[in-house]
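The lines below spell out each chain.
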Amino acid sequence: MASKTFSMKFFSLLLISSFTIIQLATAGDPDILSDFIAPPNVLVDGNFFTFTGMRSVVTAGPPTTFKVFKASLAEFPALNGQSVSIAVLEFPAISTNPPHIHPRSAELLFLVQGTLQVGFVDTTNKLFTQTLQTGDIFVFPKGLVHFQYNAVANASAMAVSAFGSANAGLISLPNTLFNTSIDDNVLALSFKTDVATIQHLKVGLAPKP
Ligand SMILES: *[C@@H]1O[C@H](CO)[C@@H](O)[C@H](O)[C@H]1NC(C)=O
Ligand SMILES: *[C@@H]1O[C@H](CO)[C@@H](O)[C@H](O)[C@H]1NC(C)=O
């Protein structure tokens, strides 16, 4: 009898844990029960499904600082429930997209111009890097810290990134750590340095007056 209770308990535990694993594996934007979602009182025609915000990006000259142009849920409401979005990344010579995380999606980057060094770090702290040539595609797995770097001194680079979420989200490591009000002592202890060094890092990221 005791062993029967035990195996019942074990079986329920197994069920619960496999359910959790399935849930984790399918974590992403929720499925919707309609073809699309439109805000109330919005005229739904071809225009609703069209985003024109990238026209200026296509016609503009080379950038002077690293820039991201997004077509995600906030900019393009028709993406609501569609589990997709894109961003255009522009890199002047010697510029970087600092280490960051997209909590809700992988990123599929297509390099349309220039060469670009890219990398991500997995949960075992292993770094994977590559130097992409124009036309190459690289995937940054979901939720991992990654970066891009145009190391070329005389040429800009441009990439288009696709996401499997309408709102992939952005956690910028420099910003999250050194441009919020996390206590200097917490950061000094965490980075095994002193408070002065932490304050120096914070000054560099603080909004200019
Ligand atoms: C950039 O510099 C490299 C090496 O000096 C040279 O081969 C290349 O033609 C230059 N590219 C441009 C766009 O000026
Ligand atoms: C730091 O945070 C402020 C306020 O949110 C923001 O305006 C500024 O752009 C941030 N700095 C950087 C380097 O992102």
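Residue numbering note: each chain is counted from 1, following its sequence as written. Numbering of ligands from 1 and lettering of chains from A proceed in the order in which they are written. Given that this is a predicted model, residues contribute local features only at a pLDDT of at least 70 and side-chain atom pairs are listed and counted only at 80 or more, while totals for whole chains, interfaces and linings are drawn from all residues. With hydrogens and water excluded, all non-hydrogen atoms of the structure serve as input to the side-chain values.

1. Quick look at the site of ligand 2
Close contacts around ligand 2 come from Asn175, Asn179, Leu205 and Pro207, and that covers them all. Polar contacts here mean pairs of N or O atoms no more than 3.5 Å apart (in protein, one a potential hydrogen donor and the other a potential acceptor; neighbouring residues in sequence count only if both atoms are side-chain atoms). Contact between ligand 2 and Leu205: a nitrogen atom at 2.9 Å from a main-chain N or O atom of the residue. Contact with the protein chains hides 40% of the accessible area of ligand 2, taken as 360 Å² for the molecule alone. Considering only residue class, the shell around ligand 2 consists of two nonpolar, two polar and no charged. By convention in this text, a residue qualifies as near a molecule or strand provided that one of its non-hydrogen atoms is within 4 Å of it. Working definition of accessibility: Shrake-Rupley area with a 1.4 Å probe, residue cover restricted to the visible protein chains. Under the scheme applied here, ten amino acids are nonpolar (Ala, Val, Leu, Ile, Met, Phe, Trp, Tyr, Cys and Pro), four are charged (Asp, Glu, Lys and Arg), and all others, including Gly, are polar.

2. Considerations on the pattern of salt bridges
Note on definitions: salt bridges are taken to be side-chain nitrogens of Lys or Arg within 4 Å of carboxyl oxygens of Asp or Glu. One pass over the full model with this rule turns up one salt bridge. Notably, a salt bridge pairs Asp184 with Lys202, separated by 2.7 Å at the nearest N-O pair. Here the residue Asp184 occupies a position in helix α4 (residues 184-190), and Lys202 occupies one in helix α5 (residues 195-205), the gap between them amounting to 18 residues. Each member of the pair Asp184 and Lys202 is classed as buried. Secondary structure elements are defined from DSSP: runs of H or I of at least 4 residues count as helices, runs of E of at least 2 residues count as strands, and each element is numbered from the N terminus. Each residue gets one of three labels from its accessible area relative to the maximum for its type: buried under 20%, exposed over 50%, partly exposed in between, using a 1.4 Å probe on protein chains only.

3. Section: the sheet that holds strand β9 (residues 157-163)
Here, a strand pair is defined by DSSP locating no fewer than two bridges between the strands. With antiparallel pairing, five strands are arranged side by side in an open sheet as β1-β2-β9-β4-β7. Bordering the open sheet on either side are β1 (67-71) and β7 (137-140), each of which pairs with just one other strand. Between one strand axis and the next, the sheet turns by 20° as a mean value, whatever way the strands run. In terms of strand pairing, strand β2 (residues 85-91) meets β9 through seven bridges, oriented antiparallel. Looking at the pairing, Ser85 lines up with Phe163 of β9. For every element, the axis is a line fit to its C-alpha atoms; helices are fit only across the contacting stretch, and the angle between N-to-C directions ranges from 0 to 180 degrees.

4. Here's the deal with unusual backbone geometry
In this structure, Ser83 is a non-glycine residue whose phi angle is positive, near 60°. One can find Ser83 in the loop between β1 and β2.

5. Here we look at the confidence of the model for the protein
Scored by pLDDT, the protein comes out at a mean of 90, with 87% of its residues at no less than 70. What pLDDT conveys is the predictor's confidence in a given residue, as a value from 0 to 100. Only heavy atoms matter for contacts: two residues are in contact if any of them lie within 4.5 Å across the pair. Low pLDDT, under 50, characterises residues 19-24; the stretch is placed with zero contacts to residues that sit more than four places away or in other chains.

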